[in-house]
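Chain and residue survey
For reference, the chains in residue letters:
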Amino acid sequence: QVQLVESGGGLVQAGGSLRLSCAASGRGFSSYAMGWFRQAPGKEREFVAGISWGGGSTYYADSVKGRFTISRDNAKNTVYLQMNSLKPEDTAIYHCAAHIYRYRSGTSPADFGSWGQGTQVTVSS
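Residues numbered from 1 in each chain as written. Predicted model: local features only at pLDDT ≥ 70, side-chain atom pairs only at ≥ 80, totals over all residues. Heavy atoms only, no water.

Considering the pairing of strand β8 (residues 78-83)
The buried fraction of β8 amounts to five of the six residues, a majority that puts the element mostly inside the structure. Across six bridges, strand β3 (residues 18-25) lies against β8 in antiparallel orientation. Each residue of the ladder has a partner; that of Cys22, found in β8, is Val79. Where strand β7 (residues 68-73) and β8 come together, six bridges link them in antiparallel fashion. Looking across to β8, one finds that Asp73 is bridged to Thr78. (Buried < 20%, exposed > 50% of the residue type's maximum accessible area, 1.4 Å probe, protein only. Helix = DSSP H or I, 4+ residues; strand = E, 2+ residues; numbered from the N terminus. Pairing = 2+ DSSP bridges.)

Take a look at the structure:
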């Protein structure tokens, strides 16, 4: 499996943008679908966006569709989350994760076996 480290979080005003990065180390990054999840205080972890191992397929939660874009650079072992038009309800700790199995995709946290430590995103109104 891979080890993951997120960066790029911070404090931003509503309507602003942030770009999160997730750097992977270990073998086989390009074989794993990747996902971004978030968890707000008192709430369960929820799926935000996912991307297939080759990057050809992406999928999003309805709450972020049209505002967030997930991408990956397999040459750099990195996955990104571009977040535009941020809203206060986007405030959460954002985690990237790698799917448990190679060449499989999913949206449930249970489908993912490697997690980063998370990066805080705070959107002020």
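Anyway, onward from the coordinates.
Examining the sheet that holds β7
Ordered in space as β1-β3-β8-β7, the four strands form an open sheet in which the pairing is antiparallel. One side of each edge strand has no neighbouring strand; the edge strands of this open sheet are β1 (3-7) and β7. Adjacent strand axes in the sheet meet at a mean angle of 15° when their direction is disregarded. With five bridges joining them, β1 and β3 adopt antiparallel strand pairing. Bridge assignment links Glu6 to a residue of β3, and that residue is Cys22. (Axes fitted to C-alpha atoms, helices over the stretch in contact; angles between N-to-C directions.)

A look at the pattern of salt bridges
Considering all chains together, one arrives at four salt bridges under this definition. The partner of Asp62 in a salt bridge is Lys65, and the shortest N-O contact between them spans 3.1 Å. Among the salt bridges present, the one from Arg67 reaches Asp90, with a minimum N-O distance of 2.8 Å. Pair noted here: Arg67 is in the loop between β6 (58-60) and β7 and Asp90 is in the loop between β8 and β9 (92-99), with a separation of 23 residues, a long-range link. Here Arg67 and Asp90 have matching classes, each one buried. The network of salt bridges with shared partners includes Arg38, Glu46, Arg67 and Asp90. (Salt bridge = Lys/Arg side-chain N within 4 Å of Asp/Glu carboxyl O.)

Describing the side chain of Ser31
Examined against the element boundaries, Ser31 turns out to sit in the loop between β3 and β4 (34-39). A relative accessible area of 6% places Ser31 in the buried class. At a separation of 3.4 Å, a polar atom in the side chain of Ser31 contacts the side chain of Arg102. Apart from the residues lying within four places of it in its own chain, the contact partners of Ser31 are Trp53, Arg102 and Tyr103. (Polar contact = N/O pair within 3.5 Å; in protein donor to acceptor, adjacent residues only side chain to side chain. Contact = heavy atoms within 4.5 Å.)

Examining the state of the cysteines
According to the stated counting rule, one finds one disulfide in the structure shown. Sulfur-sulfur distance for the disulfide between Cys22 and Cys96 comes to 1.9 Å. Judged by the sign of its S-S torsion, about 55°, the bond between Cys22 and Cys96 is right-handed. Of the two residues, Cys22 sits in strand β3 while Cys96 sits in strand β9, which places them 74 residues apart along the sequence. (Disulfide = S-S within 2.5 Å.)

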